[in-house]
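Residues per chain are reported as follows:
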Amino acid sequence: MDLSRYIITQDASELVAEKRLTIVFGSAEVAPFSKTGGLADVAASLPTALAQRGHNVVVFTPLYGHLDPHQMRMSRRLKPLEVPRQAKTQDKVEATLWETRLSHGVQVCFVQADDYFGREGLYGYDDQSFEDNADRFSFFGRAIVEFTRRHALPVDVMHCNDWHTGLAPVYASHYYADEFADITTMLTIHNLAYQGKFTPDDFQFTGLPKSFADTSKVFDANGDLNFLKSGIQYADRITTVSPGYADEIQTAERGEALHELLSERSGDLEGITNGADYNVWSPDVDRHIEVQYDVESLNGKRRNKADLQHRMGLPIRPTLPMVGVISRLTEQKGIDVLIPTVRTLLSDVKSDRDGFQLVVLGEGNKEYRDQLQQLQQDFPNRVAFHHGHSEPLAHRIQAGADILAVPSRYEPCGLTQIYAMRYGTVPVVHATGGLADTVSDLRDDPDTGTGFVFNELTEDAFAGALERACAAYRNYRRWRPLMVRAMNRDFSWDESARRYESLYMAGIRDEMAAE
Ligand code: ADP
Ligand code: GLC
């Protein structure tokens, strides 16, 4: 028996020998290198948690134009990767592989193919998607497969994420069924609304044979080439990022026209709630914030609030509730409900001591941007809006705000509310997907509640929840225990990483049984 293939873990005080897995984790974003949203955080923190459990994990991701491998001291030890673009072996592109490491030995491997990725922007630029995304991410899917096949150690799991990697399971099963017989292919859906849909003409870039050009394979019922649908169909196992969302995506309402396929595959579909990396998102170690603090030193939070008010040009008002929003400015995030709700609530404010202040950090849709700027102009002492992507400001809002508002229309998991709790910033969330799974309402659970939850995404319901939060904030004897409870809720990856691990293992058992 080759013992190097096993790890010893301690589960509930019992020592268990488990297989040391080798996992290739394909993701179009990885924090802190490239990020547009939560996928990047998960692509760094889940592999780290798996590595902490003893597994070999390599994250495979594009080298985008803003990343300079020399400046970042990446190494180039691996042989260039040959990536066929047509059929099994034709039209090879040679890509350079660069490496660096995250904590706990997680290797990050960047694939350099400048024609596809050597430009500013991940998926597009200035609100416009790149026109060659079908070509770029067909390449990426194929590259993940070639990398997995050529890895120095035999790979047990090829874990793909979102539509950008959707074709990888297709290539693996079509071209290399034998080689992949022992490799579990997994696809995690972080957001079903983004499917990577392209025109039939774009099919040429996949390099797949004509026999694939029908709705049963890589096309969907609307006749679009659909990367995510392809992945859902061909991956051995599918996960999504909360149990609530796993149920929702099997319904017509939230299934984005793929609910029937997802229901057919429900036996292979599981919802696993994302975790947080508390080495990055915790006020006792956060290097971006003015003063570090924890449950024992909550005064520190007040200083972060004053710092945030100062930086955002708002009056320094220690007792006025401060509401934070950190969000992509898209329809998903309910910004269209946030803006009029805040406008109404602030218009009703009678005295200086009433109401709240609002800080919004967001990037996206121009219409929302304009409306937020207008809101700021109309309520200069109450509203501050920062447009753009700013990692430091995201941390400062988590630390300085009292309340974090997340009125998402739907939310596969949501990380900002999870992070907020750790900072004692009480979340106000719409009861959907991962938000409903991670926040419990104070009214329903007076002893265990960690936030405020509203059921319908309407201005009235959201306003009601915000008002309840502000009223609770004004009574420190009620508020303090709520903050402390939220801070003590543990969303570290441990439990969820264990669940991924058992799915990987189950995949391996299935393969052994099939042999
Ligand atoms: P989603 O992935 O749908 O955008 P999540 O809540 O899962 O939502 O993750 C959002 C992540 O992106 C968090 O890490 C949050 O701090 C970050 N984020 C969102 N908008 C910005 C922004 N404008 N600047 C910096 N970070 C942002
Ligand atoms: C997606 C979802 C978000 C989730 C994130 C990480 O972007 O919109 O809810 O937290 O992926 O899984």
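Rules and cut-offs
Residues numbered from 1 in each chain as written. Chains lettered and ligands numbered in written order. Predicted model: local features only at pLDDT ≥ 70, side-chain atom pairs only at ≥ 80, totals over all residues. Heavy atoms only, no water. Helix = DSSP H or I, 4+ residues; strand = E, 2+ residues; numbered from the N terminus. Expected span 1.5 Å × (residues − 1). Buried < 20%, exposed > 50% of the residue type's maximum accessible area, 1.4 Å probe, protein only. Polar contact = N/O pair within 3.5 Å; in protein donor to acceptor, adjacent residues only side chain to side chain. Axes fitted to C-alpha atoms, helices over the stretch in contact; angles between N-to-C directions. Parallel < 35°, antiparallel > 145°, perpendicular 65-115°, else oblique. Left-handed = near helix turned anticlockwise from the far one by under 90°. Contact = heavy atoms within 4.5 Å. Nonpolar A, V, L, I, M, F, W, Y, C, P; charged D, E, K, R; others polar. Near = heavy atom within 4 Å. Areas by Shrake-Rupley, 256 points an atom, 1.4 Å probe, with all protein chains shown as cover. Domains from an automatic or database assignment. Buried area = accessible area lost by both parts, 1.4 Å probe. Pairing = 2+ DSSP bridges. Salt bridge = Lys/Arg side-chain N within 4 Å of Asp/Glu carboxyl O.

Some words on helix H16 (residues 494–514)
- Between its first and last C-alpha, H16 extends 30 Å over 21 residues, near the 30 Å set by a 1.5 Å rise per residue.
- Three or more residues of H16 are buried, namely Ser 496, Ala 497, Tyr 500, Glu 501, Leu 503, Tyr 504, Met 505, Ala 506, Gly 507, Ile 508 and Glu 511.

Some remarks on the side chain of Arg 53
- As for its position among the elements, Arg 53 is in the loop between helix H1 (38–52) and strand S4 (56–62).
- Judged by relative accessible area, Arg 53 falls into the buried class, the value being 13%.
- Here Glu 501 takes part through its side chain, which lies 2.8 Å from a polar atom of the side chain of Arg 53.

Regarding the packing of helix H9 (residues 335–347) against helix H14 (residues 459–473)
- H14 packs onto H9 with a crossing angle of 60° between their chain directions and a minimal axis gap of 9 Å. Taken together, the axes of H9 and H14 lie oblique to each other. Note that H9 runs across H14; the crossing there is right-handed. Residues Val 337, Leu 338, Pro 340, Thr 341, Thr 344 and Leu 345 of H9 lie in contact with H14, whose contacting residues are Glu 459, Phe 462, Ala 463, Leu 466 and Glu 467.
- The class makeup of the residues in the contact of H9 with H14 is seven nonpolar, two polar and two charged.

Examining the site of ligand 2
- Not every one of the 14 residues close to ligand 2 is listed here, only the nearest: His 190, Asn 274, Glu 411, Cys 413 and Gly 414.
- Between Gln 332 and ligand 2, the recorded distance is 3.2 Å, taken from a side-chain N or O atom to an oxygen atom.
- Here Pro 412 contributes a backbone N or O atom positioned 3.5 Å from an oxygen atom of ligand 2.
- For ligand 2, the protein covers 94% of the area, taking 310 Å² as the surface of the free molecule.

Some points on the environment of Phe 139
- Examined against the element boundaries, Phe 139 turns out to sit in helix H3 (residues 133–150).
- It is 44 Å that separates the C-alpha atoms of Phe 139 and Asn 488, two residues lying 349 residues apart in sequence.
- Not counting the four nearest positions on each side in its chain, Phe 139 is found in contact with Val 83, Arg 85, Val 93, Ala 95, Val 111, Ala 113, Tyr 116 and Phe 117.

Description of the domain arrangement of the protein chain
- Segmentation of the protein chain into domains returns domain 1 (19–275 + 494–514) and domain 2 (299–490).
- Of note, the centres of domain 1 and domain 2, computed from C-alpha atoms alone, are 33 Å apart.
- Contacts between the two partners involve 20 residues from domain 1 and, on the opposite side, 21 residues from domain 2.
- Between domain 1 and domain 2 lies a buried interface of about 1,400 Å² when both sides are counted; carbon and sulfur atoms form 52% of it.
- For domain 1, the biggest contributors to the area lost against domain 2 are Lys 35, Asp 127 and Arg 254; these three give 25% of the whole.

Focus on unusual backbone geometry
- Each neighbour pair has its own omega, and for Ala 31 with Pro 32 the value is 5°, a cis peptide bond.
- Note on placement: Pro 32 falls in the loop between strand S3 (22–26) and H1.
- For Asp 162, which is not glycine, the phi torsion reads 60° and is therefore positive.
- In this structure Asp 162 comes out as buried when scored by relative accessible area, which is 7%.

Here's the deal with the site of ligand 1
- Around ligand 1, the surrounding shell holds 22 residues, and the nearest of these are Gly 38, Asp 41, Arg 328, Lys 333 and Gly 388.
- One of the backbone N or O atoms of Gly 388 is found 2.8 Å from a nitrogen atom in ligand 1.
- One of the backbone N or O atoms of Leu 415 is found 2.8 Å from an oxygen atom in ligand 1.
- Compared with its free state, where it exposes 570 Å², ligand 1 has 93% of that area covered by protein.
- Secondary-structure elements contributing two or more residues to the shell around ligand 1 are H1, strand S16 (322–329), strand S17 (357–364) and helix H12 (416–422).

Comments concerning the sheet that holds strand S21 (residues 452–454)
- In space, the six strands of this open sheet follow the order S18-S17-S16-S19-S20-S21, with parallel pairing throughout. Taken across any chain shown, the strands that pair with only one partner, and hence form the sheet edges, are strand S18 (383–387) and S21. Going from strand to strand, the sheet's axes swing by 15° on average, the running direction of each strand aside.
- In the sheet, strand S20 (residues 426–430) pairs with S21 via three bridges, with the strands oriented parallel. Residue His 430 lies in a different strand from S21, and its bridge partner there is Phe 454.
- On the sheet, H9 packs against S16, S17 and S18 and is oriented at approximately 155° with respect to S16.

Quick look at the pattern of salt bridges
- Per the stated rule, a full pass over the model turns up 24 salt bridges.
- Across the pair Arg 149 and Glu 179 runs a salt bridge, and its minimum N-O distance is 2.7 Å. Here Arg 149 is found in helix H3, whereas its partner Glu 179 is found in the loop between helix H4 (168–175) and strand S11 (184–189), with 30 residues between them in sequence.
- Overall, the relative accessible area of 25% leaves Arg 149 in the partly exposed class.
- Here the salt bridges do not stand alone but share partners, grouping Arg 142, Glu 146, Arg 149, Arg 150 and Glu 179 into one network.

A few points about the environment of Arg 369
- Position of Arg 369 relative to the elements: it lies in helix H10 (residues 366–378).
- Of the residues examined, Arg 369 reaches a relative accessible area of 18% and is grouped as buried.
- On a C-alpha basis, the gap between Arg 369 and Gln 86 in space is 42 Å, while along the polypeptide they are 283 residues apart.
- Apart from the residues lying within four places of it in its own chain, the contact partners of Arg 369 are Asp 127, Leu 329, Gly 364, Phe 385 and His 387.

Thoughts on the environment of Glu 459
- As for its position among the elements, Glu 459 is in helix H14.
- Along the chain, Glu 459 and Thr 185 lie 274 residues apart, while their C-alpha atoms are 43 Å from each other.
- The contacts of Glu 459, once residues within four sequence positions are left out, are Val 337, Pro 340, Thr 341 and Thr 344.

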